[in-house]
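Overview (structure and organization)
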Amino acid sequence: MSQIDTYDDITIPTYIINLKERVDRLTHIKKQFDGKREFDVTLVEACKHEIGAVGLWQSIVKIVKLAMANDEDVIIICEDDHEFTASYSKQFLLENIIDAHDQGINILSGGVSGFNLAVPITENRYWINSFWGTQFLVIYKKFFQTILDEKFTNEDTADGKFSEMTSNKMTLYPFISIQKDFGYSDVTKSNQAFGNVAKLFEDTAKRFEIIMTVYHRYRSGF
């Protein structure tokens, strides 16, 4: 049996965070996963908090508790503004989830809107020391309890916390996930203006493209 055939039997528990009043986002995210049977989707009502970042973290904790109760080995946490890119494929995602697990990774991002430092580990996976964007995160079982034990204050952000909590994190590039720009954000006030989110992902992709070019150049010996 080929590796691709084996993937036919794999589904990834996928938890989608949505505020019930955000019907536009719910419609959008359902379309993103329509027909993609590799995802076992569960809609999770977002926790409400006057500080959006706190509500997001509370929603993440809620999901991790569900995952632990279900004895899941790996999950995807997805925000309702996630949007698949043309680079997405089932094989690409599952291969990288498996390979990242073998490398001891705690978090694998489908795409980030910013980062500080990045190192190419493979052609399509990059170690990052910090990142921005939590719209599509693969989280592995060994990291579940760490999330539950972490203290989160009103000044924290989810991506900031994840960046601090573990050095074992990577992102995929080319990105398979970006954020759809709704012209408003339930979490980040600086993303209220239409076009801001798209530009962040575009600029970050350009940075990764430079790193990828250097990686290929030196790997091939010029």
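No experiment lies behind these values; they were computed from the predicted model shown.

Comments concerning the packing of aromatic side chains
A full pass over the atoms with the stated rule returns 17 aromatic pairs. Between phenylalanine 115 and phenylalanine 208, the aromatic rings sit 4.4 Å apart at their centres with planes inclined by 35°, giving tilted as the arrangement. On the criterion of sequence distance, the pair formed by phenylalanine 115 in strand 6 (residues 114-115) and phenylalanine 208 in helix 7 (residues 196-219) is long-range, its members being 93 residues apart. Assessed through its relative accessible area of 4%, phenylalanine 115 is described here as buried. Here tyrosine 126 and phenylalanine 208 contribute two aromatic rings whose centre-to-centre distance is 5.2 Å and whose plane-to-plane angle is 70°, an arrangement assigned as edge-to-face. Of this pair, tyrosine 126 sits in strand 8 (residues 125-128) while phenylalanine 208 is found in helix 7, placing the two residues 82 residues apart along the sequence. Its relative accessible area of 0% is what places phenylalanine 208 among the buried residues.

Considering the layout of surface pockets
For the second largest pocket, the calculated volume is near 150 Å³. Taken together, Asp73, Val74, Ile97, Ile98, His101, Tyr140, Lys141 and Lys142 form the lining of the second largest pocket. Top element by residues in the lining of the second largest pocket is helix 4 (residues 90-102). It accounts for three residues. A class-by-class count of the residues in the lining of the second largest pocket yields four nonpolar, one polar and three charged.

About the cut-offs
- Residues numbered from 1 in each chain as written.
- Predicted model: local features only at pLDDT ≥ 70, side-chain atom pairs only at ≥ 80, totals over all residues.
- Heavy atoms only, no water.
- Phe/Tyr/Trp six-rings, centres within 6.5 Å; stacked < 30°, edge-to-face > 60°.
- Helix = DSSP H or I, 4+ residues; strand = E, 2+ residues; numbered from the N terminus.
- Buried < 20%, exposed > 50% of the residue type's maximum accessible area, 1.4 Å probe, protein only.
- 1 Å grid on protein atoms, 1.4 Å probe; cavity = no way out; pocket = protein on both sides within 12 Å on 5 of 7 lines; lining within 4 Å.
- Points joined across faces, edges and corners; volume = space filled by probe spheres on them.
- Nonpolar A, V, L, I, M, F, W, Y, C, P; charged D, E, K, R; others polar.

The values are spatial; any link to function lies outside them.
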